[in-house]
Amino acid sequence: MCRFVVYKGPRLLMADLLTRPNHSLIKQSYQAVERTEPLNGDGFGVGWYSPEIDPIPCVWTSTTPAWNNRNLRRLAEKIMSPCMFAHVRAASPGMLVSEVNCHPFQHDRFLWMHNGMIPDFIKIKRRLRQSLRDEFYHLIQGTTDSEHAFAVFLNQLADRRADGGPQHLQQAMLATIEQLNLWTREAGIHQPAYYNFAVTDGETVIATRYVSDPAEEPASLYYSHGAKFICHDGYCHMVAAESHEHAVIIASEPLTNVGDDWKRIPKNHLIMVKPDLEIELIAI
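So, a few notes on the structure that sits alongside this text. (Residues numbered from 1 in each chain as written. Predicted model: local features only at pLDDT ≥ 70, side-chain atom pairs only at ≥ 80, totals over all residues. Heavy atoms only, no water.)

Considering helix α7 (residues 166-186)
Alright, step 1. Relative to the 30 Å expected for 21 residues at 1.5 Å per residue, α7 spans 30 Å between its end C-alpha atoms, a close match to the ideal helical length.
Alright, step 2. Among the residues of α7, His168, Leu169, Gln170, Ala172, Met173, Ala175, Thr176, Ile177, Leu180, Asn181, Trp183 and Thr184 are the ones counted as buried.
Alright, step 3. Where α7 terminates, the next one or two residues include glycine 188, which has phi positive at roughly 75°. (Helix = DSSP H or I, 4+ residues; strand = E, 2+ residues; numbered from the N terminus. Expected span 1.5 Å × (residues − 1). Buried < 20%, exposed > 50% of the residue type's maximum accessible area, 1.4 Å probe, protein only.)

As C-alpha cells, then:
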C-alpha cells in the first residue's frame, strides 16, 4: 500500500511536507512505519494549485523513487501553494510501473489519490468501465484500480452536479464506495477492499479511511489542524489555533513526532475539509 499527504490552508512551501519534517513523505517512501513493507519506491507524484493563475492544478509524476529524485527536492524548495496532494507509490503485484499509473490523477480542477486496493479488480473491471459515461471512460489512461475508482467518482459526481460544493463531493465519494462494494459482492469477491481515497477541487478536500471487512483494520490515516504548519531549523509542528482552524494536513503517517499534533481518523470514516477549513468527520 502507498503513502500520501494532503495540505489545505495558507500558502505553504512544498518542502515543508515532502522533505523537512522528520517523518516527511520522502522519508515514508523508504521507511514507512505503519505498513509491513516500508518501501514505496514505484514512483511518486505531486499536484498543487496556483489559484492566482487558474483553478486547474499542476501535476508532476515520475517513476523514479521519491527518495533519490534531485528535481523533486529542488522544486519542493521553490513551490508554494494553498492546496497540495503528494503520493509515493507501492505498486500492486503485476501492476505496471509507469507515469500514467502514478498518483495523483487529475481531471479538470480535480485531484485524486488512493492508498489501498480493489481486491480481484479484474473481475469487476469490465462492468465498471461499461457503467461510465463516455467522457470518463476515455479519461482513463492507465491500468490501476485507483484511476478507475476516480472515474467512478467523477461519474457519480456528474449525476449529482449542481454547484459541485462540499456536500456533492461527499455524496459522490460515499456513492463511489457503495458502488464498488456492490460490484465486488456481486462478483463473489470475499477479500477485504481498502479505500483510503483523497479528492479535492482545490476548495474542498475529502479523504476516507475505509475497509470493507468489519473484522479488519483500514490502512493508517491521520489529520492535523491549527493556525499554520511551520518548519524552522529542522523542527516542524502545527501551531495551535486560538479559534478557527487555518491549516489542515491529512497524511498516511504523522509527519512529525509531536504526538499532540496528530489525530487518527476513525475506522470507516470520511473527513471533509470545507473551503473555510471547517473539519467534519462522517461515518461511512
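A short note on empty space enclosed by the protein
Alright, step 1. Overall, the coordinates contain 2 cavities of 30 Å³ or more when judged by the stated rule.
Alright, step 2. The computed volume of the largest cavity comes to approximately 40 Å³.
Alright, step 3. Lining the largest cavity we find Leu18, Leu25, Ile26, Phe44, Gly45, Val46, Leu72, Ala86, His87 and Val88.
Alright, step 4. Looking at the lining of the largest cavity residue by residue, the classes come out as 8 nonpolar, 2 polar and no charged.
Alright, step 5. Each pocket or cavity is described by its volume, and for the second largest cavity that value is around 30 Å³.
Alright, step 6. Around the second largest cavity, the lining residues are Met14, Leu17, Leu18, Val46, Met84, Phe85 and Ala86.
Alright, step 7. Contributions of two or more residues to the lining of the second largest cavity are made by α1 (15-18) and β4 (80-88).
Alright, step 8. In terms of residue count, β4 provides more of the lining of the second largest cavity than any other element does, 3 residues in total.
Alright, step 9. For the lining of the second largest cavity, the per-class residue count stands at 7 nonpolar, no polar and no charged. (1 Å grid on protein atoms, 1.4 Å probe; cavity = no way out; pocket = protein on both sides within 12 Å on 5 of 7 lines; lining within 4 Å. Points joined across faces, edges and corners; volume = space filled by probe spheres on them. Nonpolar A, V, L, I, M, F, W, Y, C, P; charged D, E, K, R; others polar.)

Some points on the pairing of strand β10 (residues 228-232)
Looking along a regular strand, one sees side chains alternate from face to face of the sheet.
Alright, step 1. Alternating residues of β10 divide into Phe229 and Cys231, all buried, and Lys228, Ile230 and His232, none buried.
Alright, step 2. In the sheet, β10 pairs with strand β11 (residues 235-239) via 5 bridges, with the strands oriented antiparallel. Bridge pairing in β11 places histidine 232 opposite tyrosine 235.
Alright, step 3. Adjacent in sequence and paired antiparallel, β10 and β11 are bridged by 2 residues, among which aspartate 233 carries a positive phi angle near 55°. (Pairing = 2+ DSSP bridges.)

Everything listed here is a matter of geometry and, on its own, says nothing about what the molecule does.
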